[in-house]
Amino acid sequence: MPYPIHRYRAFASLTPREEDVLRSLGDTETHRRKGETFQREGDVLNGFHLHTNGWIASSITVPSGKRLIQKLHLPGDMLGTPSMALEQAADTLTAVTDATTAFVPYQRVGELFVEAPRLAALFTIAVQMERLSLMDALAVQATASAKERVARLFLDLHARLDPLGLVENDAFDVPVTQEIIGDLLGMTNVHISRTLKALEDAGLVARRRRRLQLLDLPALRALSPLRPRRPQFQPAWLPTAAN
């Protein structure tokens, strides 16, 4: 499966050459088995990963030994980019399902700033969108109720899976355990179970095994504590596309 580039198309109209460069940015894909940790905090790195298939979690471990999941990554994400500013890996990457990634040496990204500055600018925008996502997650975790947190997560997954063609009738697979959702949202397994049941009883969602359907998108959006971020399309400061 080639690297999905839908997120870049949300920032600008891409030329055929730019699409080719993006799709060939990574090395040969590597298969990751479910449960495999392929990057650990503190590892010495010389690049990051493009996420091409499956679900992957990024996490950090606090001094108490508790794991804090920072994000559930989906195809099209870039994994490990915060570590570009450090000498060692800032987070741990673990395949939640069978997954595939493609490694990108830092040097190859540096070459974009010389050979394809418009793509380098779009890469910078993509990284900033990740920062906005983390800002929103921190704000929600600090102030929102359990229902609000879960509603926002489901809406976020819906919005990110839809461009991949993985949403049908507002339903999609969520191949993660309640424990993982709890680690992501800062909630206990029991609290997650109660919250999911409350959303079901309210007619907002329906579950069948790992399949989740959002039954009332307007109500879930009203419940979510934050509006979704929509990137500016082709900001005026973008360099001109190369021929």
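Residues numbered from 1 in each chain as written. Predicted model: local features only at pLDDT ≥ 70, side-chain atom pairs only at ≥ 80, totals over all residues. Heavy atoms only, no water.

Here the focus is the packing of helix α3 (residues 106-115) against helix α4 (residues 117-143). Between α3 and α4, whose axes approach to 6 Å, the crossing angle comes to 125°. One way to sum up the angle between α3 and α4 is to call them oblique. Along its contact with α3, which presents V109, L112, F113, V114 and E115, the element α4 presents P117, A120, F123 and T124. Residue composition of the contact of α3 with α4, grouped by class: seven nonpolar, one polar and one charged. (Axes fitted to C-alpha atoms, helices over the stretch in contact; angles between N-to-C directions. Helix = DSSP H or I, 4+ residues; strand = E, 2+ residues; numbered from the N terminus. Parallel < 35°, antiparallel > 145°, perpendicular 65-115°, else oblique. Contact = heavy atoms within 4.5 Å. Nonpolar A, V, L, I, M, F, W, Y, C, P; charged D, E, K, R; others polar.)

A positive phi angle, close to 60°, is found at D170, a residue other than glycine. Here D170 is to be found in the loop between α5 (146-161) and β9 (171-173). If you check the backbone angles, R209 has positive phi at about 55° while not being a glycine. Mapped onto the secondary structure, R209 falls in the loop between β10 (205-208) and β11 (211-214).

Attention now moves to the sheet that holds strand β4 (residues 56-61). By way of backbone hydrogen bonds, the strands of a sheet pair with one another, either parallel or antiparallel. Spatial strand order, β2-β7-β4-β5: four strands in an open sheet with antiparallel pairing. With one partner strand each, in any of the chains shown, β2 (37-39) and β5 (67-73) form the two edges of the open sheet. Each adjacent strand pair in this sheet contributes to an overall mean axis angle of 30°, direction not counted. In terms of strand pairing, β4 meets β5 through six bridges, oriented antiparallel. Bridge pairing in β5 links A57 to L72. (Pairing = 2+ DSSP bridges.)

Residues L212 and L214 line the buried face of β11, whereas the alternating positions R211 and Q213 sit on a face that is not buried. Relative to β11, β9 is paired through three bridges, and the arrangement is antiparallel. If you follow F172 over to β11, its bridge partner there is L212. Where β10 meets β11, four bridges bridge the pair, whose relative direction is antiparallel. Residue pairing for β11: A206 is matched across the bridge by Q213. Here β10 folds back onto β11, and the loop between the two strands holds two residues, one of which, R209, carries a positive phi near 55°. (Buried < 20%, exposed > 50% of the residue type's maximum accessible area, 1.4 Å probe, protein only.)

Moving on: the side chain of D77. Turning to its location among the elements, D77 is positioned in the loop between β5 and β6 (78-79). For D77, a relative accessible area of 4% gives the class buried. Here H73 takes part through its side chain, which lies 3.0 Å from a polar atom of the side chain of D77. (Polar contact = N/O pair within 3.5 Å; in protein donor to acceptor, adjacent residues only side chain to side chain.)

With that out of the way, let us pick up the packing of aromatic side chains. By the definition in use, this model includes two aromatic pairs. Plain terms: the ring middles of Y8 and F11 are 6.2 Å apart, the flat faces sit at 75° to each other, and that makes the pair edge-to-face. Taken individually, Y8 and F11 each receive the classification buried, so the pair is uniform in this respect. Here F48 and F123 contribute two aromatic rings whose centre-to-centre distance is 5.8 Å and whose plane-to-plane angle is 35°, an arrangement assigned as tilted. (Phe/Tyr/Trp six-rings, centres within 6.5 Å; stacked < 30°, edge-to-face > 60°.)

The biggest cluster of nonpolar side chains holds 32 residues, and the ones touching the most others in it are W55, F154 and L214. Breaking this core down by element, the ones donating at least two residues are β5, α5, α6 (178-185), α7 (189-201), β11 and α8 (217-223). In terms of residue count, the dominant contributor to this core is α5 (eight residues). (Core = buried A, V, L, I, M, F, W, Y, C linked by side-chain atoms within 4.5 Å.)

A few words now on the sheet that holds β11. Taken together, the three strands give an open sheet; going across it, the order is β9-β11-β10, and neighbouring strands pair in antiparallel fashion. Each edge of the open sheet is held by one strand with a lone partner, namely β9 and β10. Pairwise comparison of adjacent strand axes, ignoring direction, gives a mean angle of 20° for this sheet. Running at roughly 90° to β9, α5 makes contact with β9, β10 and β11 of the sheet.

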